[in-house]
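Below are the chains, spelled out letter by letter.
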Amino acid sequence: MGYEIPEPYVWDESFKTFYDNIDDEHKGLFKGVFDCAKDKSSAAALAHLVQVVDTHFSNEEAMMDKAKYSEVVPHKAAHKDFLGKIRALKAPLDDGTIDYAKDWLVNHIKGTDFKYKGKL
Ligand SMILES: [Fe+2]
Ligand SMILES: [Fe+2]
């Protein structure tokens, strides 16, 4: 998949899932990645990103579980893989890692999260 990566890296309405709590959390994930990109040497920014990603995935998964959403298993696996990767990172981050995170988030929201629209 190749969705356009926003520049500057900020959430916009093309990312709307129409679940306000999820959209608010997604805005926070964009900001978390943006802050890591702004200061690649910041361990605090990286720790914050891991925390907001972890919290968001938990909340989103709880909504999918509650709705008995049919694609929850592969969706959770995608979350687990990304969370594992960013948990293993150490500051300073390199440009390739930042690009990976930017790309993953955009493609995950539009390619994977969007599949649950109207189903939760
Ligand atoms: Fe997700
Ligand atoms: Fe999400």
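Residues numbered from 1 in each chain as written. Chains lettered and ligands numbered in written order. Predicted model: local features only at pLDDT ≥ 70, side-chain atom pairs only at ≥ 80, totals over all residues. Heavy atoms only, no water.

Draft legend 1. Representation of the UniProt feature "binding site: Fe cation 2" (unreviewed entry) in the protein within the structure. Mapped onto this structure's residue numbering, the UniProt feature "binding site: Fe cation 2" (unreviewed entry) falls at Glu60, His75, His79, His108 and Asp113. A maximum C-alpha distance of 12.7 Å among these annotated residues, which run over 54 residues, shows that they cluster at one spot. Summarising the element assignment, His108 is placed in helix α4 (residues 95-111). The residues touching His108, leaving out its near neighbours within four places in the chain, are Glu60, His75, Ala78, His79 and Asp113. Among the polar contacts made by the side chain of His108, one reaches the side chain of His75 at a distance of 3.2 Å. Mapped onto the fold, Asp113 is located in the segment after α4. By relative accessible area, which is 0% here, Asp113 ends up buried. Once residues within four sequence positions are removed from consideration, Asp113 is found in contact with His26, His56, Glu60, His75, His79 and His108. (UniProt positions renumbered as here; feature names shortened; annotations may be inferred. Helix = DSSP H or I, 4+ residues; strand = E, 2+ residues; numbered from the N terminus. Contact = heavy atoms within 4.5 Å. Polar contact = N/O pair within 3.5 Å; in protein donor to acceptor, adjacent residues only side chain to side chain. Buried < 20%, exposed > 50% of the residue type's maximum accessible area, 1.4 Å probe, protein only.)

Draft legend 2. Quick look at the coordination of the iron ion (ligand 1). Looking at the metal site, the iron ion (ligand 1) is ligated by Glu60 (OE), His75 (NE2), His79 (NE2), His108 (NE2) and Asp113 (OD), spaced 2.0 to 2.2 Å from it. In this structure the iron ion (ligand 2) is found 3.4 Å away from the iron ion (ligand 1), and Glu60 serves as a bridging donor for the pair. On the criterion of helical spacing, the pair formed by His75 and His79 is a turn pair, its members being four residues apart in helix α3 (residues 72-87). The pair formed by His75 and His79 is uniform in burial state, with each residue classed as buried. (Donors = N, O, S within 2.8 Å, 3.2 Å for Na, K, Ca; no water.)

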